[in-house]
Amino acid sequence: MTSRFFATGDTSSSESERSEHTEDSFASGDESSEIDSSDEKKATGFEVGQRLARYLRDSDSEEGEERRVVRSARTKQQEALLSIVQQLKNHIKISDWISIQSDFDALNRQLNKYYKMDVLNETKKEPPKAYISAIVLLEDFLNKTAENKDKKLSKTNTKAFNAVKQRLKKNNREWEEHIRKFRESGAIPGEDLYEEDEDDGAEVDDEEQESEADESWDDSEVESLEEAEQERAPTSGGSQWLLKTGRTSKSSQAISHKEKKKSKSQSLPQSGQSFKDTMDGTSAAASKDFGITEDLPESAVDQKLVEIIATKGRRGTSKRENLLQLELLLKAAKNLVQEMEILFQIVSTHFDMAPMTIGYMSQENWRNCVECIERILNLAFEHETQVRFVVNHPSVETLDVSVPIRGDKPSSQTEEPVESDTNWDKNDKRKMVRGDMATVLEHMDDDLFRAWQGIDAYLPEYVDRLKDEFVLLKLLAKGQTYFEKEKDLERAARIACRRIQHLYYKPDDLLVGMIQASLQKTRKQLEGVNNDQWSCQDPILSGLVYPEEETQDESILLNVPELSIHQRPLKGEKALLRLAVLVYRYGSENLKSIVILCQIYHHALENRYYEARDMLLMSHLQESIGLLELPLQILFNRTMAQLGLCAFRHGLAQETLYCLQELCTPVHTGLGSSTVARLKELLAQGIVQQRGHEKSLEQERLERNYQIPYHMYLPVDFIEMAHLIAAMLVEIPSLTRAEAKNEAPQKRKIYSRVFQHFLRNSIRQAYPSPPENTRDYIMSASRAFIRGHWKDAYQYIASIRAWESIDAASATSILQTWRNLIQAEGLRTFIHSYASYFDSLSVTFLSEWFELSPARVHSLISKMIMNEELQASWDQPSGCVLIKRWEPNRLQSLCLQLTEKCSQLIDYNERLLDARSGGQTLKTEEREEFLKTASHWMNAGRKLSTDNWGKTRTATI
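Residues numbered from 1 in each chain as written. Predicted model: local features only at pLDDT ≥ 70, side-chain atom pairs only at ≥ 80, totals over all residues. Heavy atoms only, no water.

*Asks:* So what exactly am I meant to see when it comes to the overall build of the chain here?
*Replies:* If you tally the helices and strands in the chain, you get 41 helices and five strands. Residue burial in the chain is summarised as follows: out of 957 residues, 40% are buried. By sequence separation, contacts in the chain at least 24 residues apart represent 71% of the contacts at least 6 residues apart. With the model as given, the accessible surface of the chain reaches about 55600 Å², and the carbon-plus-sulfur share is 50%. (Helix = DSSP H or I, 4+ residues; strand = E, 2+ residues; numbered from the N terminus. Buried < 20%, exposed > 50% of the residue type's maximum accessible area, 1.4 Å probe, protein only. Contact = heavy atoms within 4.5 Å. Areas by Shrake-Rupley, 256 points an atom, 1.4 Å probe, with all protein chains shown as cover.)

Shown next, in the form of structure tokens:
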């Protein structure tokens, strides 16, 4: 008998063997075999001979069974890679760097397996998109963790973090080009894991339908042939377990679409080309593909423009193809209106092509937009009697040719111009061009601002983008001139406000230096041009503000010796004033608030403290700033900081303290480094992670949108130093005077709680360490200042590193100003602290000790006597000041102590009554009468003791 393992599906052989087996079993009297066979039949549902040949049977008999899925090795490798990426995302959420390190190693091992599938190929294939997405996600999270210094990692996590940082930096060098393409595509790291042929299935189908007419073979015939082959070769037996190659799979269709798309993309212009080169380099084949030729009729051009605008935002449409079609359509424009509207659409398409991940255009695209807008404005100036811009017109089909500013809410700035366009002048026979030039210029400004926010300030690219600012100023100046000619003063005011926001933080000396440096480059380019045209050709001079009429007053013009008087632009103060008048007359309330804060900031920047202070008090913005928008609050904080620095440069200690006190007061006084952190947060100069408070991703995104670019930063360390130095010179004389008069701590006037907190902590230290930061230096100076060692205090202040943040000449002049203040306040502090130890003080001694003139010493002491800060009198013959002291006798001292004890007892009783009655007894008449009586007897006792003390003192004398 053959073995059951080699049993086949032959029924005759199986039945014969089974009969022989049953006869032998009955002969031997063994019934167990029959039971086993019946059990196997119940368990499997087939006979014993049939069970082992199931893979050869037809699929009809297995309808109720579970089918086996056959996958290729490539699919398995991709699924394994996606699984590792998902694990990496989960570990990133919990900041588990040990697991992240393991996932990164597994990711690279899986990539090697992925490449082994095509080891026989000579060329190395492209890496999977999931791998590039994963390493970009890991790189972004690593940079974010490195920036967040407040969040401490454990020892093991720190070790794993450093290991991943080194390995990732070395690993990404190989994929720099792929990472750059991934970021430029606008894909989301960790989310876009599939290739374009897998992710955009609908897009593939749409474009395949469009390309059916261009193919030389018919897809329907191929499909019919494939169906016939499938009918002739049904799946039966072992064929059902084999991989089907006869059918045209979706992946092969996607691959063919990818090849077609790649061939089309080769005809698109590169992003690095300028607008003019792109238009000149467009091939005739490309225009034939889109059906756009230069001999199109006027109506066909309008219809094609409407079709392109209608396809914007639809899925499956390529923005680069839209841009190419618009550029080809521009060549086919038949009139001025068509040309200008197509240029508007080209600018709009460039904005749409900006990646959403970074939020701004590349420098090449931005400059292409500048060329388009400048071309529109030039056409508008040349044909100002023929065309005009409109936004909303009842008789014209409305097309969205302007670009809305991202994140802006509808306000009066955008609503008012629309209303003015709706009430159009019927007598104006000029042709109307649909487009809002003011909105486009504002959007260009916003895009450049976002580029400054997103680019690292230490890269050369940031310096290149800074040069674009004066290109934009030139464009804004031309747009403002156009709207002023058209008497559209509301839009002119909006553009004037944008110009002010680019000029208010630049001092006149900086502008002069930039003009001189730019003129050196312009001379080489304009050797044959008359010098009178420099202001129009120079990129910096063309964007500044000039006087309306020729003037010979050099005091209002920038001092540029290379230029004649009529070529020089206005100084910052006069330029801002001329632009601000336009905004004050025709701008909205929001714009007026922005402009007045910019003017105050510029006055403070140019050391005009009293003009800036008066303008701030007249504006009354400090009363309602908490109700305004967040950008206005940031601008107000920057203005107050600059005003405080201006007062510090003038040596006004109390004014400096008042301006900077609210900015430099932390939310929690006990936090060590919270002063600088709060300054950065209020001035929008960095995202601060507060201890015990985690911000959501949405909150961080909003904070990043409001951050100030690096070149507009204020020196935070210098602001903190100015606040603490001013507080030292105001608080310490006040503290020593209160202690000399034995005033109660509750009655002492507090100027800066932050400084008092820091000073108390510093005095408590038995062995103070050497100063390390700004606060330590000023606390060391304060301890020396209290002892009367003004020279040591000045040396500590002069040694602070924050002085290096300004130029040496300014630092020297400011230090000299504050040295004189330290000498004067040091004299007052010394007299308050040590007057009780002297009977008389010589003017000569004080003059030599504090290095002040005798007249200055005499003036300071006389002022203290007049203000009742010092009980003394002058002895003119000896040149000394006589200190008057009255010491109470034994009885008077006891009376004073009793009075203090009674006062403390009353306070304790008040607190006890408040605790028992919940504060209700404070309003009863009996309580008020009791307090009046107690106060009357206490005052009478003090007066009696003082009178007796005076009589005793007089009798003794």
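*Asks:* What is the right way to read the sheet that holds strand β4 (residues 872–875) from this model?
*Replies:* The strands making up a sheet associate through hydrogen bonds between their backbones, and the pairing can be parallel or antiparallel. The strand order across the open sheet formed by three strands is β3-β5-β4, and the pairing between neighbours is antiparallel. Every other strand in the sheet has two partners, leaving β3 (840–842) and β4 as the edge strands with one partner each. On average, adjacent strands in this sheet sit at an angle of 25° to one another, irrespective of strand direction. Its contacts with the sheet put helix α39 (residues 854–866) on β4 and β5 (880–883), and the angle it makes with β4 is roughly 145°. (Pairing = 2+ DSSP bridges. Axes fitted to C-alpha atoms, helices over the stretch in contact; angles between N-to-C directions.)

*Asks:* Before we go on, may I ask you to explain the packing of helix α22 (residues 489–503) against helix α25 (residues 572–586) in this structure?
*Replies:* Taken N-terminus to C-terminus, the directions of α22 and α25 make an angle of 140°; their axes are 8 Å apart at the nearest point. Here α25 runs oblique to α22, going by the angle between their axes. Seen along the crossing, α22 lies across α25 with a hand that is left-handed. Listed contacts from α25 to L489, E490, A492, A493, A496, C497, R499, I500 and L503 of α22 are L576, L579, A580, L582, V583 and Y586. For the contact of α22 with α25, the per-class residue count stands at 13 nonpolar, no polar and two charged. (Parallel < 35°, antiparallel > 145°, perpendicular 65-115°, else oblique. Left-handed = near helix turned anticlockwise from the far one by under 90°. Nonpolar A, V, L, I, M, F, W, Y, C, P; charged D, E, K, R; others polar.)

*Asks:* Mind showing me how you'd approach the confidence of the model for the chain here?
*Replies:* As a general rule, the predicted coordinates of low-pLDDT regions are not to be interpreted in detail. Averaged over every residue, the pLDDT of the chain is 76; the share at 70 or more is 70%. Segment residues 1–65 is flagged for pLDDT under 50; beyond a separation of four residues in sequence, or across chains, it makes 39 contacts in the model. Across residues 394–423, where pLDDT falls below 50, the model places 48 contacts with residues more than four positions away in sequence or in other chains. (pLDDT = per-residue confidence, 0-100.)

*Asks:* Is there a simple way to explain the pairing of β5 in this structure?
*Replies:* Every regular strand shows the same layout, with side chains that alternate between the two sheet faces. Of the pairings in the sheet, the one linking β3 to β5 comprises three bridges and is antiparallel in character. Bridge pairing in β5 places S840 opposite L882. Judged from the four bridges that link them, β4 and β5 form a sheet pairing that is antiparallel. Residue pairing across strands places A872 opposite I883, the latter belonging to β5. Where β4 folds back onto β5 in an antiparallel hairpin, the turn is made up of four residues, including G879, whose phi is positive at roughly 70°.

*Asks:* Would you mind showing me how to read a positive patch on the surface here?
*Replies:* On the surface, K165, K169, K170 and R173 cluster together into a patch of positive charge. Residue placement: K169 occurs in helix α7 (residues 155–172). (Patch = residues over 30% accessible without salt bridge, like charges linked within 9 Å, V, L, I, M, F, W, Y side chains within 5 Å. Salt bridge = Lys/Arg side-chain N within 4 Å of Asp/Glu carboxyl O. Lys, Arg positive; Asp, Glu negative; His and termini not counted. Charge placed at Lys NZ, Arg CZ, Asp CG, Glu CD.)

*Asks:* How should I be thinking about the packing of aromatic side chains in this particular structure?
*Replies:* The description of two aromatic rings rests on the distance between their centres and on the angle between their planes. Across all of its chains, the model carries 20 aromatic pairs by this definition. Note on Y504 and Y505: the rings are 5.4 Å apart at their centroids and 85° apart in plane angle, and the pair reads as edge-to-face. For the pair formed by Y504 and Y505, the shared burial category is buried. Taking 5.2 Å as the distance between ring centres and 55° as the angle between the ring planes, the aromatic pair formed by Y710 and Y713 counts as tilted. Y710 gets classed as partly exposed once you look at its relative accessible area, which sits at 42%. By relative accessible area, which is 33% here, Y713 ends up partly exposed. Ring-pair connections join several aromatic residues into one group, and the members of that group are F344, F381, F389, Y482 and F483. One Lys or Arg, R465, reaches over the ring of W366 and ends 5.7 Å from the middle of that ring. (Phe/Tyr/Trp six-rings, centres within 6.5 Å; stacked < 30°, edge-to-face > 60°. Lys NZ or Arg CZ within 6 Å of the ring centre and 35° of its normal.)

*Asks:* Which parts of the structure should I look at to understand the environment of I358?
*Replies:* Note on placement: I358 falls in the loop between α17 (336–352) and α18 (363–382). As a C-alpha pair, I358 and I455 span 97 residues in sequence and 9.4 Å in three-dimensional space.

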